[in-house]
Structures are given as C-alpha cells and as structure tokens.
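Here are the chains, one letter per residue:
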Amino acid sequence: MCGIVGYIGSREAYPILIKGLKRLEYRGYDSAGVALINGQGKLNVYKAKGKVSNLESTAEGCDTTGYIGIAHTRWATHGVPSQTNAHPHVSASGQIALIHNGIIENYATLKEKLIKLGYKFNSETDTEVLVQLIDYIQRRDSLDLAHAVRIALTHIEGAYAIAVVDTKHPETLIVARKSSPLVIGIGEGEFFIASDASPIAEYTDKVVYLSDNETASLDLRHGLTITNLDDVEHTPEIQTLKLSLSQLEKGGYPHFMLKEIYEQPKTIRDCMRGRVPESGTYIKLSGVEDNKERFLQAKRIIIVACGTSWHAALIGEHLIEDLCRIPVEVEYASEFRYRNPVINADDVVIAISQSGETADTLAAVELAHKSGAFVYGICNAVGSSIPRATDSGSYIHVGPEIGVASTKAFTGQVTVLTMLALALAKLHQTISDEKYDTIVNELREVPSKMENAIKLCTGMENMAKVFTYARNFIYLGRGYNYPAAMEGALKLKEISYIHAEGYPAAEMKHGPIALIDTEMPVVAIANSDSIYDKTVSNVQEVKARGGKVIAVVEDGDTKLSGMADYVIRTPRTLEMLSPLMSAIPLQLLAYYIAVNKGRDVDQPRNLAKSVTVE
Ligand code: F6R
C-alpha cells in the first residue's frame, strides 16, 4: 500500500527520497511522486504513473534541489492510477504539499464544503481534500502549519499517515498518524520519516514510532515535538532500530522472494533462539510466561488473521486443539470485525500478521479489546501497529520480508504457533513428558531439515517448466497439510496469476473432482501420517480421471510417489511439523513458474505488502 518518505536536514533531499521510495517499492504501488522546496522557497513537484524509475525520468533535468522534501508511492483507492492522482497534492495557494497513506472516509462531504468556499480540485483523490482543508484553515485563522494540520485532522474520519511541507516554513516538516504507520528517524541535525524503518535504517538507528492521533513537528531549530490533536505535548519515546542493511538487499539473489525462501533455515533458527533450548526441552515464550493466568482461564482461543497469516492460523488451530485440548476458532479478520461475533472477557484472541499493519486485523484487535478479551499478537515487523495494540505477544523474528508473497513469515508464524501450543500444553498439563520432549527435540531439527528440503528441490526449476502454461491448479492435503495446500495455491495464484485452489483431499468427490481432466495439474501433499492411506485413495480418484499428479511426499515414500507423475520429496518429520517442510517446495514451485512466465515476482500486480486499508 502507499509508502511515505520525507527528509529535512542539511543534505540534498532528492536522492534520499528516491532511495527511500525504492526501499518501499515492496509495499506495492502504481504511481510515485516527490515534492521539494528549493533554496529560493519554490515548491517543485514531480509525479509519474508506474515505477519509481518513471518518476526519476520525469524529474531528470529539472530542479531537484532542496534540503526538505516529501515523496510517495501510491496504491490507488480513490481514483485510477495516474499522474494527476499521484501524490504529493498541492494546496490552492501553491504553498502546501501533502502526502497521505490511508483513506479519508468523509472526503465527499468535506469536498462539497470546500467547493462552496471556492476551492477547485484537480484529482479524484480523497487526499487532495485534506491539503485544501489545511490551506483553508491556515488562511482563515492565520495559523502556522502545525496548528492548521491539527485542526484539519479533527475534521477527518478515517485512517491517515501524512507528511506536510509549507514553502513559508522550509525549516519544518509536519507529520501525523491515525491507523496508518509512520516512523521518524532522528539523525544529527536532520530527520527522516517513512512508512516503515527500511528507508531510514542506513542513516540512523534512533527512531520514534508515532502513535495514533499524534502529530509531530520536525523542526531544524526546535527539534522534534510530538503533540496530540488537543495540542498536548508528549515526550518522544526514542527506540534503537535493529535492522541491518543486508536484510534489505537481495544479496546476489535475482528476487527477494527467492532469497527469503532460501533464508528459512536461518530465520527459523532466529525465531527459536532463546525459546527452544540447545539442550533440554523447556520452551520459553515470555509472552506466555508473563500471562499464565490469562491463558489458564481461557476457555476458548480465537485466532484472527488474513491471507497467508490465516493459513498459519489454521495450522495453529490444529496444534493448539491437538496438544492443549482448548477449543480454537480461526476467523478472517475482515469477516470477524463486521459480524458481531461473540467474544467473552475470558477468551484469548490471537492476532497474526507479518506486517503488523493489516487494517482488518488491527480492527479485529480493537474489537476484541472492547469485549475485554486478552489479545496476543504474533507479528514480524517490530514496532508496528498490531504489536503495539495487543496486550502481549511473540515476534517471529524472521527479519524484513520484502517479496510481496509471504514465505519466511509463514514458516516463522507456524514455528511460533508450535512453541505456543507446546508452552500452553505444559501449562494445562495436557501433554505427557515423553510426547512434549519428542516434539521439542524434533522442532530443534527443523532448520537443518529445511536445509535438506531446499537441497531436495534441485529439480524444481525444470519441473516448473512443464507447468508454466497450465491455466488451473488444484492443491490437495489433509489434516495439517490442508492449510499447507491452501497456502501453496495462494503462492501460485498471487505471483504467476494462474488460477489455483487448495482443497481438503477428501472434499474432491463432493464437487471439485468434476474439474479433473488431463489439463489439470493436481499437487497432492501427504506425509506418512495418520491419514496417509486416505490421501492415497483420494489421489487415486484423481489419477483415475486423467489428472496429472505432482506428489509432495516424505523422503522414502513409495506408495503415493509410485502413482504420481512428478514427485517432490521432503525430509521426514512429525506430522504436526510437516507444513514447515512442504512449504519450501510449494514456494519454489510457484516461484519458478512465475519466473518462467516473466511475472514481476517481488511486486505482483494489484497486490500490496502492507494492507493498510480495509
Ligand atoms: C500472501 C500474503 C498476504 C498476507 C496478508 C496478511 O503471500 O502475503 O496474503 O499474508 O495480506 O498480511 P499480514 O500478515 O501482514 O497481516
């Protein structure tokens, strides 16, 4: 979704802003723009449809000087992707420029009022309404920019992270947020702002995460001042950023997605560090230890999430019910928040989100809080909105995920859910010592088994060529591998644009089997688990109808691999840990098919990494 970058200080802003926009490209966007105030106090605005490189071409040869500037990548909501609708938007006076991430819900009413006051609008965006409103309030009440912004925001319904500059005050940059992320980087006599820390990390490790309903004035003379909308000042909480530049770069891989797939043995080690001991079996999850009573009194756990995180949640449901005997419900956050769900004060609600910014998941967290439930977050992006809105939680610690298709975050989420289920099972005494020890010992082996899973995929690139022109795919799995099948299908459709569905294998005969013919590849995921033979029968039914079967099976498998057209092997592990193994070949299959089709693997069309609008 939209990305925001800003700079004020003693360096030329333009190169910093362009580099920052490139760091935010992963969020997904369709146009880009920049506004700079030059040494003569002139506002220069450049915008382009498409990639940041188009913006660079547009601005080439133009005046891009200035020590203060704001820049934006837009993911269209109100109005088509176009140069006119791209941000920054400029006020009627030509003095104020503004960039915005979020949605102004009451923009139509405000626009009507401003039109009556004589304002003219160039774009179809909701954002342009805000810049004209600030302009109107500033002129009407003869206010400085910070005050005008604060008053304007009290009239706004919706979500925003904004950055505003004023040619009359080139020494000040104003920012504000409500339900959309905004990070401030503090350097020596300079400030950076961005939607997340990635554009800031190379300049400073001192950051402030702005909270909802806060505005900040970044002033070269007076420093950083944070106030709420009632003009009450807050002391900024300066945090130290733990983000290395190598985590933000491709490191020799052709795509971030491939890097992130290959990184998984390491990221799962990082995820388990300090939680799964090197010897012994005591799982230490501080979020659970610090809140034992709340977990013990919970008669039910509800997990809310979207997309890939929702698939991880389904695996979490299996794990927690299996090991802890506590009922678990898994909900799409977008449905949960609008369907008046029953939430009890003694429920535990777990919100899973890689970005920690998904608007629907954040709203579900707020709803759960209102009902008095204890809310636990499982997130990746440190300091993001969901971990800050929850009562407690566990980070998955897999490092920044830049490819839009989630890979290492999925396995990180499943790993945290496994540790959580084990810790809860111990707490509830629903697991024997022997079973607990077996699972923990096997969990510790997961990173090295993942290394083998990657090695076992050596033929994948060639196999993917066979299926590059398939128009549909079906993914089948049962038990723990049913969510894994849905996740495999999601990976394929989002990056290759091939239609794919994940089904529980036994459901085929209730309808989808009608789709099977020689043109239909079927990916069947099966481990030597409690329902292996049942899955084999389901696959036989597919074979009998001419379907082309790609079997994802454990090393040493003979039965299913014997009947499949293509076989992908994964290292043997426990049934409940098997999605951590099958995830790797499924991610790689989708990746190579998408590469063969020439798709934009890291930034697939229409998708955004951080879905900050509902
Ligand atoms: C799929 C994918 C999305 C996200 C979903 C939720 O590869 O990335 O389906 O999983 O948008 O995002 P988070 O986890 O950030 O809440």
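The structure this text deals with has already been given above.
The structure presented is a predicted model; accordingly, all values stated were derived computationally and were not measured.

A. Region of interest: the packing of helix 1 (residues 13-24) against helix 2 (residues 52-59). Relative orientation of the contacting elements helix 1 and helix 2 amounts to 160 degrees, with a least axis distance of 10 Å. Considering their axes alone, helix 1 and helix 2 lie roughly antiparallel with respect to each other. Packed against helix 1, whose contacting residues are Tyr 14, Ile 18, Leu 21 and Lys 22, the element helix 2 presents Val 52, Leu 55, Glu 56 and Ala 59 at the interface. Counted by class, the contact of helix 1 with helix 2 contains six nonpolar, no polar and two charged residues.

B. A look at the packing of aromatic side chains. Following the criterion strictly, the structure yields eleven aromatic pairs and no others. Ring centres of Tyr 7 and Phe 192 lie 5.2 Å apart, and the angle between their planes is 55 degrees; this geometry places the pair in the tilted category. Taken together, the residues Tyr 7 in strand 1 (residues 3-8) and Phe 192 in strand 10 (residues 191-194) connect sequence positions 185 residues apart. Taking relative accessible area as the criterion, Phe 192 reaches 2% and is therefore assigned buried. Relative to Tyr 376, the ring of Phe 295 lies with its centre 5.4 Å away and its plane at 75 degrees, an arrangement referred to as edge-to-face. Of the two residues, Phe 295 is situated in helix 9 (residues 292-297) and Tyr 376 in strand 19 (residues 374-379); the sequence distance between them amounts to 81 residues. Comparing Phe 295 with Tyr 376, the two get one shared label, buried.

C. Highlighting helix 5 (residues 145-153). With seven of nine residues buried, helix 5 is to be regarded as a mostly interior element. All buried positions along helix 5 are accounted for by Leu 145, Ala 146, Ala 148, Val 149, Arg 150, Ala 152 and Leu 153. Packing partners of the buried residues in helix 5 comprise strand 6 (96-104), helix 4 (127-141), strand 7 (158-166), strand 8 (172-178), strand 12 (214-219) and strand 13 (223-228).

Cut-off values and rules
Residues numbered from 1 in each chain as written. Predicted model: local features only at pLDDT ≥ 70, side-chain atom pairs only at ≥ 80, totals over all residues. Heavy atoms only, no water. Axes fitted to C-alpha atoms, helices over the stretch in contact; angles between N-to-C directions. Helix = DSSP H or I, 4+ residues; strand = E, 2+ residues; numbered from the N terminus. Parallel < 35°, antiparallel > 145°, perpendicular 65-115°, else oblique. Contact = heavy atoms within 4.5 Å. Nonpolar A, V, L, I, M, F, W, Y, C, P; charged D, E, K, R; others polar. Phe/Tyr/Trp six-rings, centres within 6.5 Å; stacked < 30°, edge-to-face > 60°. Buried < 20%, exposed > 50% of the residue type's maximum accessible area, 1.4 Å probe, protein only.

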